[in-house]
Amino acid sequence: MSTVDPLEPAGPGGEHPGDLLSAHLDGELTPDEAARVEHHVASCADCRTELEELAGARCVLRSLPPVAAPTGLVTGIVRARQRASRRGVALALVAASLAVVVGLAATPVPGGERGPDRPEMALTSEGRRFDAGLGTTIDRTSPGGGTPAGLQRPRPADRDDDRESLLDRLGDRVGDAVSGLLHAVGG
Amino acid sequence: MRVRRTSLRRGGDAPVDDVPSWGEVARRHGDFVYTVAYRLTGDHHDAQDLVQEVLLRVQRGLATYRPGSIEAWLGRITTNAFLDDVRRRRRRPVVALPDDPDQVVPSSPSVDEALAADVLSDDVTGALQALPAEYRATVVLCDVVGLRYEEIADDLGVPVGTVRSRIHRGRALLRTALA
């Protein structure tokens, strides 16, 4: 170690600058601190040597070349995460679809939302159908109302669009959509 | 501007006004993250694991990213993920001098230049690995990522004086190891 110049204290307590040397190289000192370090280094051979060696180490570190990531590492991670993310979306869709189906099953079929090619028809609270086209009410259970549903093909105007059929069609569509989505995700 | 050193930042890394998508960040800055990860771990296998962890953290934290130097942000995520891992395991010897030929990474300059750079790089990588993990993280944030002392102190949750001391001692140890 060099002798400390007692007349020109360069660092805290008049000691060698120590870690102020590195900070000086990094421009992290106040002008006053920097001036004191410079002043000390000018008269202290050991600190001068140390400063040069620190500068060399700093330069070596800063000259380290970039390292390319192995081919496919990043794209592999991105694709895996995106696949996982799509699966999450598909599962959410499945869950949402099930919720819709369950919700529909628990909801009475509304009366006024038939397609334009069908006569208005509703299921009355007594379990009978009101055919708006014919203006008549068909009792499903009375002998005069015809054969119980399912045993005969209904008239075109009386096409069976009860809840089960509606749910079947909806279920098929949801199933198709989900399986298509899962296929796309899996592919 | 938070980062004053740009040697690793390609294309100037202009301030970003909009939050980029995660996939974009990963693809555009994957090599940068890998470089920092490799400097911290000194091992390609560990670096790959670290990159994976970092990209997951980036995906979770992208909403919190504020326009600025994205590589400074990525550098501190990488360093913190590294230190978290070190603290979790605390079994990795700090004096592991890698002697693995696989660590020679092909680079684009001429073969001779590449070879010289890699030999030097390997020496420095080995010397870096000899540093205590906290010193290494501090030095990498300063000399590889290019952060100011105050930023490093914020990132690591230590006083600026500690940062200064770690950088100084880290460089001094490195100098001794390379002598």
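Residues numbered from 1 in each chain as written. Chains lettered and ligands numbered in written order. Predicted model: local features only at pLDDT ≥ 70, side-chain atom pairs only at ≥ 80, totals over all residues.

1. Remarks on the overall build of chain B
Piece 1. Tallying secondary structure elements over chain B gives seven helices and zero strands in all.
Piece 2. Classification of the 179 residues of chain B by burial places 40% in the buried group.
Piece 3. Long-range pairs, those at least 24 residues apart, make up 74% of the contacts in chain B between residues at least 6 apart in sequence. (Helix = DSSP H or I, 4+ residues; strand = E, 2+ residues; numbered from the N terminus. Buried ≥ 20, exposed ≤ 12 C-beta atoms within 10 Å, placed from the backbone. Contact = placed C-beta atoms within 7 Å.)

2. Points about the confidence of the model for chain B
Residue and element names in this part refer to chain B.
Piece 1. For chain B, the average pLDDT comes to 80, and 73% of its residues sit at 70 or higher.
Piece 2. Put simply, helix α4 (residues 111-129) is where chain B has its lowest mean pLDDT, 72, and helix α5 (residues 133-145) is where it has its highest, 95.
Piece 3. Counting interchain partners and residues more than four positions distant, the pLDDT-below-50 stretch residues 1-16 has 25 contacts.
Piece 4. Scored below 50 in pLDDT, residues 96-109 makes 24 contacts in the model with residues more than four places away or belonging to other chains. (pLDDT = per-residue confidence, 0-100.)

3. Remarks on the packing of helix α4 (residues 73-105) of chain A against helix α1 (residues 22-41) of chain B
Piece 1. Two elements in contact, α4(A) and α1(B), have axes whose closest approach is 9 Å; the angle formed by their N-to-C orientations is 170°. The orientation of α4(A) with respect to α1(B), classified from their angle, is roughly antiparallel. Where α4(A) approaches α1(B), its residues A:V74, A:I77, A:V78 and A:Q82 are matched on the opposing element by B:G23, B:A26, B:R27 and B:G30.
Piece 2. Residue composition of the contact of α4(A) with α1(B), by class: four nonpolar, three polar and one charged. (Axes fitted to C-alpha atoms, helices over the stretch in contact; angles between N-to-C directions. Parallel < 35°, antiparallel > 145°, perpendicular 65-115°, else oblique. Nonpolar A, V, L, I, M, F, W, Y, C, P; charged D, E, K, R; others polar.)

4. Digging into helix α3 (residues 70-89) of chain B
Residues and elements named next belong to chain B.
Piece 1. The terminal C-alpha atoms of α3, which comprises 20 residues, lie 29 Å apart, in line with the 28 Å expected from a rise of 1.5 Å per residue.
Piece 2. Of the residues making up α3, those classed as buried are I70, E71, A72, W73, L74, G75, R76, I77, T78, T79, A81 and F82.
Piece 3. Looking at the packing, one finds that the buried side of α3 touches α1, α2 (44-61), α5 and α6 (149-156).
Piece 4. Two residues or fewer after α3 comes R90, characterised by a positive phi angle close to 45°. (Expected span 1.5 Å × (residues − 1).)

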